[in-house]
Amino acid sequence: MSDPLLIPCPHCNGLNRIPAERLDDAPRCGRCKSEVLPGAPITLTQANFPSQLKGDLPLLVDVWASWCGPCQAFAPTFQQAAAQLQGRCRLGKLDSEANPNLSAQLGIRSIPSLILFKGGIEVARQSGAMPLPQLQAWLRGQGI
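Residues numbered from 1 in each chain as written. Predicted model: local features only at pLDDT ≥ 70, side-chain atom pairs only at ≥ 80, totals over all residues. Heavy atoms only, no water.

Caption draft 1: Molecular detail of the overall build of the protein chain. Regarding its fold elements, the protein chain presents 4 helices and 7 strands. For the protein chain, the succession of helices and strands along the chain, N to C, is β-β-β-α-β-α-β-α-β-β-α. For the protein chain, whose C-alpha radius of gyration is 15 Å, the value lies close to the compact-globule estimate of 15 Å for 144 residues. Its C-alpha atoms give the protein chain principal-axis dimensions of roughly 45 × 30 × 25 Å. When each of the 144 residues of the protein chain is scored for burial, the buried share is 48%. Taking all contacts inside the protein chain whose residues are at least 6 apart in sequence as the whole, residues at least 24 apart take part in 60%. (Helix = DSSP H or I, 4+ residues; strand = E, 2+ residues; numbered from the N terminus. Rg over C-alpha atoms; globule rule 2.2 N^0.38 Å. Buried < 20%, exposed > 50% of the residue type's maximum accessible area, 1.4 Å probe, protein only. Contact = heavy atoms within 4.5 Å.)

Caption draft 2: Structural view of the pattern of salt bridges. Here the structure, examined in full by the defined rule, presents 3 salt bridges. For the salt bridge of D25 with R22, the shortest nitrogen-to-oxygen distance reads 2.7 Å. Assessed through its relative accessible area of 44%, D25 is described here as partly exposed. Close ionic contact of D62 with K93 constitutes a salt bridge, the shortest N to O distance being 2.6 Å. Highlighted residues: D62 in strand β4 (residues 59-64) and K93 in strand β5 (residues 90-95), separated in sequence by 31 residues. (Salt bridge = Lys/Arg side-chain N within 4 Å of Asp/Glu carboxyl O.)

Caption draft 3: Quick look at the pairing of β4. With 6 of 6 residues buried, β4 is to be regarded as a mostly interior element. The side-chain alternation of β4 yields two buried faces, one formed by L59, V61 and V63 and the other by L60, D62 and W64. Pairing geometry for β4 and β5, over 6 bridges, is parallel. Residue pairing in the sheet places L59 in a bridge with R90 of β5. Once the chain exits β4 it traverses helix α2 (residues 69-84) before rejoining the sheet at β5, and the crossover so formed is right-handed. In this sheet, strand β6 (residues 113-118) lies alongside β4 in antiparallel orientation, the contact comprising 5 bridges. (Pairing = 2+ DSSP bridges. Right-handed = clockwise from strand over helix to strand, strands pointing away.)

Caption draft 4: A look at the sheet that holds strand β3 (residues 42-44). Overall, mixed pairing links the 5 strands, which are arranged β3-β5-β4-β6-β7 in an open sheet. Strand pairing shows two members of the sheet lacking a second neighbour, β3 and β7 (121-127), which therefore form its edges. Each neighbouring strand pair of the sheet contributes to a mean axis angle of 25°, computed without reference to strand direction. The pairing of β6 with β7 spans 6 bridges and is classified as antiparallel. The residue of β7 that forms the bridge with I115 is R125. (Axes fitted to C-alpha atoms, helices over the stretch in contact; angles between N-to-C directions.)

Caption draft 5: Local environment of the state of the cysteines. Throughout the structure, instances matching the rule amount to 0 disulfides. For the unlinked cysteine C12, the closest cysteine sulfur is that of C29, found at 3.5 Å. Not part of a disulfide, C32 finds its nearest cysteine sulfur in C9, a span of 3.6 Å. Its relative accessible area of 31% is what places C32 among the partly exposed residues. (Disulfide = S-S within 2.5 Å.)

Caption draft 6: Fine view of the packing of α2 against helix α4 (residues 132-141). Between α2 and α4, whose axes approach to 10 Å, the crossing angle comes to 50°. As judged from the angle between their axes, α2 and α4 are oblique. Crossing handedness for the pair α2 and α4: right-handed. Across the interface between the two elements, F74, T77, Q80, A81 and Q84 of α2 pack against L132, L135 and Q136 of α4. (Parallel < 35°, antiparallel > 145°, perpendicular 65-115°, else oblique. Left-handed = near helix turned anticlockwise from the far one by under 90°.)

Structure follows, in structure tokens:
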């Protein structure tokens with residue numbers, strides 16, 4: 001049995017210890033009993049962002065805005081990626097309009113922007129929307 005991975009709950013932000021071999025078993029949060037690894041992007045905010053950065057699974061953040069056409073066009077692609085990467089990478093969406101301080105803190109200059117975090121540290125950034133095969137190739141290049 002391998003060492004458990006620490007994964008924050010997207011609902012209550014509680015950290016959960018989940019054995020790596022159980023990631024495909026729809027693990028539930030020990031605190032709130034919600035699904036820890038949903039097959040859809042989670043909503044990130046100023047309040048939950050620090051908690052969601054914690055953990056052993058990478059976090060891919062899509063920074064977007066409702067008025068942004070390319071952001072809206074990229075949303076279904078990001079949704080598909082979340083379902084395909086479930087258990088390997090967590091995906092989150094950050095509304096730059098609703099969270100301007102966090103967007104500024106992250107140094108967002110254009111949207112959509114993708115930021116990949118591993119161990120709470122930014123390891124890669126990509127601006128602009130892309131088709132799913134290109135997103136998958138970019139993530140493979142990052143070790144995902």
